[in-house]
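Reading the structure
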Amino acid sequence: MFATMGALGLAPTAQAAEQPFRALSTSDFTLTGRGAAKVVIVGGGIAGLTAAYELGKAGYDCTVLEARDRTGGRNFTVRGGDTTTDLYGNTQTARFADGHYMNAGPARIPQWMVTLDYCRELGVPIEVFTNVNADAYLYNESAGMTKPMRYRTAKADVYGYVSELLAKATDKGALDQELTADDQERLVEFLKDWGELGDTLAYEGGERRGYTTVPAAAGTPGVLLGDVPSASDVFASGVGRYFSFEFGFDQAMLMFQPVGGMDQIPKALTRAVGAHRVRTGAAVTKITDTGSGVTVTYTQGGRRKAVDADYCIAALPPNILAKIPHNLGSGVQSALEAITPSSAAKIGLEYRSRWWELDHRIYGGITETDQDITHIWHPSYGFHGERGILIGYYNYGGDADTYAKLSPRQREARAVAAGVKIYGEKYRSELVSSFSHHWRQTPHLEAAWHNTPGGPDDTRYQPLNEPAGRVSFAGDWLSYTDAWQHGAFTSARKAVTALHARVLAS
Ligand code: PHE
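Residues numbered from 1 in each chain as written. Predicted model: local features only at pLDDT ≥ 70, side-chain atom pairs only at ≥ 80, totals over all residues. Heavy atoms only, no water.

Remarks on the sheet that holds strand E26 (residues 471-473)
- The strand order across the open sheet built from five strands is E14-E2-E1-E18-E26, with neighbouring strands paired in parallel fashion. In this open sheet, the two strands that pair with only one neighbour each are strand E14 (278-279) and E26.
- For strand E2 (residues 61-65) and E14, the ladder comprises two bridges, and the chain directions are parallel. In the strand pairing of E14, Leu-65 is matched with Arg-279.
- Here helix H2 (residues 46-56) sits on the sheet in contact with strand E1 (38-42), E2 and strand E18 (311-314), set at roughly 165° to E1.
- Across the sheet, helix H15 (residues 485-505) touches E1, E18 and E26, and the angle it forms with E18 is around 165°. (Pairing = 2+ DSSP bridges. Helix = DSSP H or I, 4+ residues; strand = E, 2+ residues; numbered from the N terminus. Contact = heavy atoms within 4.5 Å. Axes fitted to C-alpha atoms, helices over the stretch in contact; angles between N-to-C directions.)

The structure is reproduced here in C-alpha cells:
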C-alpha cells in the first residue's frame, strides 16, 4: 500500500518533492477505512492558513492559533483605522482615505508562483503590479547627481556607451581570439541596434532618451532631451546598477497584485477554512508532544487555554518558534536558532493629489535611489483618482533599523526630505498622512524574512524538514523562495502531503 501511495504522491519518496501537488480528498480514506485526524496549527500566516485549508479538503479537524488580532502574518494591508504598536512602543493609526491602502508586506506576485493559483482557486481578483517603469526616476545622490534621471534615459546612455565601447574594441581586433570574423560582424550588428549606434559606431543619444517636448501634430516634431552626457559621466553616475533587477526570475514583468490589497488572500483563505476554526489573539506558550498526541497551550484575553490534537503543524517564523517552550528536542531548537531574522520596512505617504501622474507622468513603477529610503513605489491602482498612496521607503537591513529607531513623525520627515530631492516641493506640500511599518519591530513576527545559511536543505535544518514526533514545520523560511508567499504555500503543501500519508499509513 505504501508503494501505491508513493505513486499517488502521498508517500514521501525520493522524487516526492518533484511531483506536482495533489490536493487531498475525503475519498483518500475509502481504501483504508480510516478517518481524518485532529490537527492544531500554530500560526495563522499564509503557511498556517494554507495547511488548514488543504487539510480541510480531506476533512481534517483543524484549529489555527494566531497571536495577532488578524490572520495573514506578514501579509498585512494597512487601511484607514488600522492601529499598530511596535516593540519600541510607537502606536500609529492609519488615516488613509477609503479605498486606499498600502501593502506593508508582500506586494508583488510573479506569474510563475503558486500564489496566483491560490488567487484563482479562492476567487481573489488580480491586476497588474508595475514593477518597472521607463518613466520612473533614478537618483544617485552620492554620485553627485543634481537631478533625477528617467529610467529610459539612463538605459539609452548606459546601453549606448557599453555598445559603443564593445563595438569599437571588436573593430580594433580585441576579440580576434574569441570570435571569428563572421561572429564579430554579427556582434557589431547587434550592438548597433542595442545601443542605437551611428555608422561610426558612436553613441550620440537619440529618441530613446526622451524629449523635452514630445512629438505631436504636424509642425511639432518634438524636441529631444539635450545634453547627452559623456561615457565617463554615465559610468560615474552608477545608474546602470539598477537594470539587472528586472532580469531576476522573481522580479521580471509582468507581475500581479490582488485587487483591493494583498490581504484579500488571507481573508479568502480564512473564510475557506472557516472563521470558527481560527482563534486570533491566541499567543502560544508551549508545544508538548505527549507521544499519543500534541497539546498546545496558549493565552487568549489573559486566560490560559489548551488545544489537544493528534498532530501539530508549527507555522510560526523560526525566530518566534525558538522562544516558545517545547519538548521537541535540542536538534529542533538549534536548527531554529541557526536561522536569523532580517529587517525591512515601508512607509505609506498619502497625498491629496496624484501629482506624480499629473506633473511627472509616472503611472506606477519604482523610483530607485542610493539614499536610505532605497525605493519609492508609485501605486499600481487608482490611476487618475483624486488621491493616492506612495511607498516613500522600502528599505532593508541597517537602513530599516535606522528608521525604526525614529518616531513615526521623524520617519515621515526624513523620508519626505529624501523624496523632495527627487520630485520637488509637492512631495511635502501635498502630503496628508503617513503610516510606517517595520517588520523586525512587529510583535509576534520580529522579522521581514530570514537568512538560512546553506539553504533550506542544509543538514543543520534536517530536524525541521521532517516531523519531530507529532509536530511538523511549515513556512516560507523552509523554502527556496524565502520572503515570498510562494514559499509559504509550497512549504504548507509539502507538510500536509507528508502528514496525510502518515495518517493513511497509521
Ligand atoms: N519578495 C520581496 C520583494 O519582492 C522580498 C524580496 C526582495 C525577495 C528581493 C527576494 C528578492 O520585495
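Brief notes about the environment of His-500
- Positionally, His-500 belongs in helix H15.
- On the basis of relative accessibility, which here comes to 0%, the residue His-500 falls in the buried class.
- Separated by 445 residues in the primary sequence, His-500 and Leu-55 have C-alpha atoms spaced 8.0 Å apart. (Buried < 20%, exposed > 50% of the residue type's maximum accessible area, 1.4 Å probe, protein only.)

Overview of a nonpolar patch on the surface
- A cluster of nonpolar side chains, contributed by Val-128, Met-253 and Leu-254, occupies part of the molecular surface with about 210 Å² of accessible area.
- Along the polypeptide, Val-128 turns up in strand E8 (residues 126-129).
- Residue classification places Val-128 among the partly exposed residues on the basis of a relative accessible area of 35%. (Patch = residues over 30% accessible without salt bridge, like charges linked within 9 Å, V, L, I, M, F, W, Y side chains within 5 Å. Areas by Shrake-Rupley, 256 points an atom, 1.4 Å probe, with all protein chains shown as cover. Salt bridge = Lys/Arg side-chain N within 4 Å of Asp/Glu carboxyl O.)

What to know about the pattern of salt bridges
- Using the criterion set out here, one finds 26 salt bridges in the structure.
- In this structure, Arg-22 and Asp-28 form a salt bridge, with 2.7 Å as the shortest nitrogen-oxygen distance.
- Across the pair Arg-277 and Asp-61 runs a salt bridge, and its minimum N-O distance is 2.8 Å. In this pair, Arg-277 is assigned in the loop between helix H7 (264-273) and E14 and Asp-61 in strand E2, connecting sequence segments 216 residues apart.

Description of the nonpolar core
- By size, the foremost hydrophobic cluster in this structure holds 44 residues, and its most contacted members are Tyr-351, Tyr-423 and Tyr-427.
- Those elements giving two or more residues to this core turn out to be strand E9 (137-139), helix H4 (151-171), helix H5 (181-194), strand E20 (344-351), helix H10 (355-358), strand E23 (388-396), helix H11 (397-404) and helix H12 (408-423).
- When residues of this core are assigned to their parent elements, the largest contribution, seven residues, is made by H4.
- With residues up to four places along the chain from it excluded, the contact list for Tyr-427 reads Leu-349, Tyr-351, Trp-355, Ile-376, Leu-390, Gly-392, Ala-415, Val-416, Gly-419 and Val-420.
- Counting residues in hydrophobic clusters, the runner-up holds 42 residues, among them Val-39, Val-114, Leu-116 and Val-278. (Core = buried A, V, L, I, M, F, W, Y, C linked by side-chain atoms within 4.5 Å.)

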